[in-house]
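One-letter residues, chain by chain:
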Amino acid sequence: MKRAAIIGAGVIGCAIALQLSRRGYQTINIDKNAEVGSGSTSNSCAIVRFSYSTLEGVMLAYEGHHYWLNWPQFLGVTDERGVARFIQCGHLVLRVEPGDRAQVLERYTQLGIRFEIWDNEKIRQRLPILSTESFYPPKSVDDPAFWAESQRTIAGGIFTPEAGYIPDPLLATHNLRRAVEGAGGRFLLRGTVTGIERGAGRVSALLLGDGSRIGTDVVVNAAGPYSAQINRMAGVEQDMSVKTRALRREVHYLHSPSGFDFEQHGI
């Protein structure tokens, strides 16, 4: 049986492990955290959307939403914590100019993904909490014009009714863990990868911070913000045309306005 070591146990790492386990691989996920999904997954907005610019990205996202629609059946196991829900409320992408997102619309049409073009009147009707004023381009808070009133409006938006979000990404990841374990996969939490052994032109083992060694035939880098370090450790970073660099983002969480329920607006 082929062995696969997945570095990372977020939602991506666990999903990869599940598919590999179901294809006959002996998998192990290694993660420095004490529980799956405790890294960047725990800070995810968990939006299930299709508004990507590349054909492959849109295809993967649209295929993925079908798994969420049938999540319990896809998992095929019972999780003592319950099952994550998919709130199919739809997804609205705003347009500053009428021609914005033309490539996204082209992908939607090509793949048969349902969408609606909303003008500003439609946006205000469906989302009365949202202003249609345009403040583009963005300004820093120390710009004297930051608080200036808007003199124009946006150009409407594109609504995809099949999109939505997962209210609890941590639970969704734990669901995947139980499915992986049900398929024979293992997890090594609180484990730190310090080296990658290579032999005969391919990987042969992972070295861990406690001095132990895990033999493997395949290494999958699902380390999220730490992926560049893993690529460097494996000696493959320079061969990649697209490289990664971890950046911190400022995220503001706001309560839903009184009387407005996002879960009830959509299809």
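About the criteria used
Residues numbered from 1 in each chain as written. Predicted model: local features only at pLDDT ≥ 70, side-chain atom pairs only at ≥ 80, totals over all residues. Heavy atoms only, no water. 1 Å grid on protein atoms, 1.4 Å probe; cavity = no way out; pocket = protein on both sides within 12 Å on 5 of 7 lines; lining within 4 Å. Points joined across faces, edges and corners; volume = space filled by probe spheres on them. Helix = DSSP H or I, 4+ residues; strand = E, 2+ residues; numbered from the N terminus. Nonpolar A, V, L, I, M, F, W, Y, C, P; charged D, E, K, R; others polar. Pairing = 2+ DSSP bridges. Axes fitted to C-alpha atoms, helices over the stretch in contact; angles between N-to-C directions. Phe/Tyr/Trp six-rings, centres within 6.5 Å; stacked < 30°, edge-to-face > 60°. Buried < 20%, exposed > 50% of the residue type's maximum accessible area, 1.4 Å probe, protein only. Lys NZ or Arg CZ within 6 Å of the ring centre and 35° of its normal. Salt bridge = Lys/Arg side-chain N within 4 Å of Asp/Glu carboxyl O.

Caption draft 1: Spatial organisation of empty space enclosed by the protein. Within this structure, the stated rule accounts for 1 cavity of 30 Å³ or more. Its volume calculated, the largest cavity comes out at about 40 Å³. Only strand E4 (91–94), helix H4 (102–111) and strand E6 (157–160) provide two or more residues apiece to the lining of the largest cavity. Classifying every residue of the lining of the largest cavity by side-chain character gives 4 nonpolar, 3 polar and 1 charged.

Caption draft 2: Seen up close, unusual backbone geometry. For the bond from Tyr-136 to Pro-137, the omega torsion is -5°, close enough to zero to count as cis. If you trace the backbone, Pro-137 turns up in the loop between helix H5 (120–126) and E6. The phi angle at Ala-46 is positive, at roughly 55°, despite the residue not being glycine. By secondary structure assignment, the location of Ala-46 is in the loop between strand E2 (26–31) and strand E3 (47–48).

Caption draft 3: Main features of the sheet that holds E6. Strand order in the open sheet formed by 3 strands is E4-E6-E5, and the pairing between neighbours is antiparallel. In the strand order of this sheet, the two ends are held by E4 and strand E5 (116–118), each with one partner. Recorded for the sheet is a direction-independent mean angle of 25° between the axes of neighbouring strands. For E4 and E6, the ladder comprises 4 bridges, and the chain directions are antiparallel. Looking at E6, one finds that Leu-94 is bridged to Gly-157.

Caption draft 4: Region of interest: the packing of aromatic side chains. Taken as a whole, this structure holds 7 aromatic pairs when the rule is applied. Aromatic side chains Phe-146 and Trp-147 sit 4.9 Å apart centroid to centroid with 85° between the ring planes, which places their arrangement in the edge-to-face category. Since its relative accessible area comes to 70%, Trp-147 is described here as exposed. Connected via pairs of aromatic rings, a cluster forms that spans Tyr-67, Trp-68, Trp-71 and Phe-74. Lying over the aromatic face of Tyr-52, Arg-49 brings its terminal NZ or CZ to 4.1 Å of the ring centre. Here the guanidinium or amino end of Arg-126 rests over the ring plane of Phe-159, the centre of that ring lying 5.6 Å away.

Caption draft 5: Main features of the pattern of salt bridges. Under the defined criterion, the tally for this structure stands at 9 salt bridges. Of the charged contacts, one joins Glu-35 and Arg-177 as a salt bridge, the two residues approaching to 2.9 Å between their closest N and O atoms. Taken together, the residues Glu-35 in the loop between E2 and E3 and Arg-177 in helix H6 (residues 169–182) connect sequence positions 142 residues apart. Taken together, the salt bridges that share partners define one network made up of Glu-35, Glu-80, Arg-81, Arg-177, Arg-178 and Glu-181.

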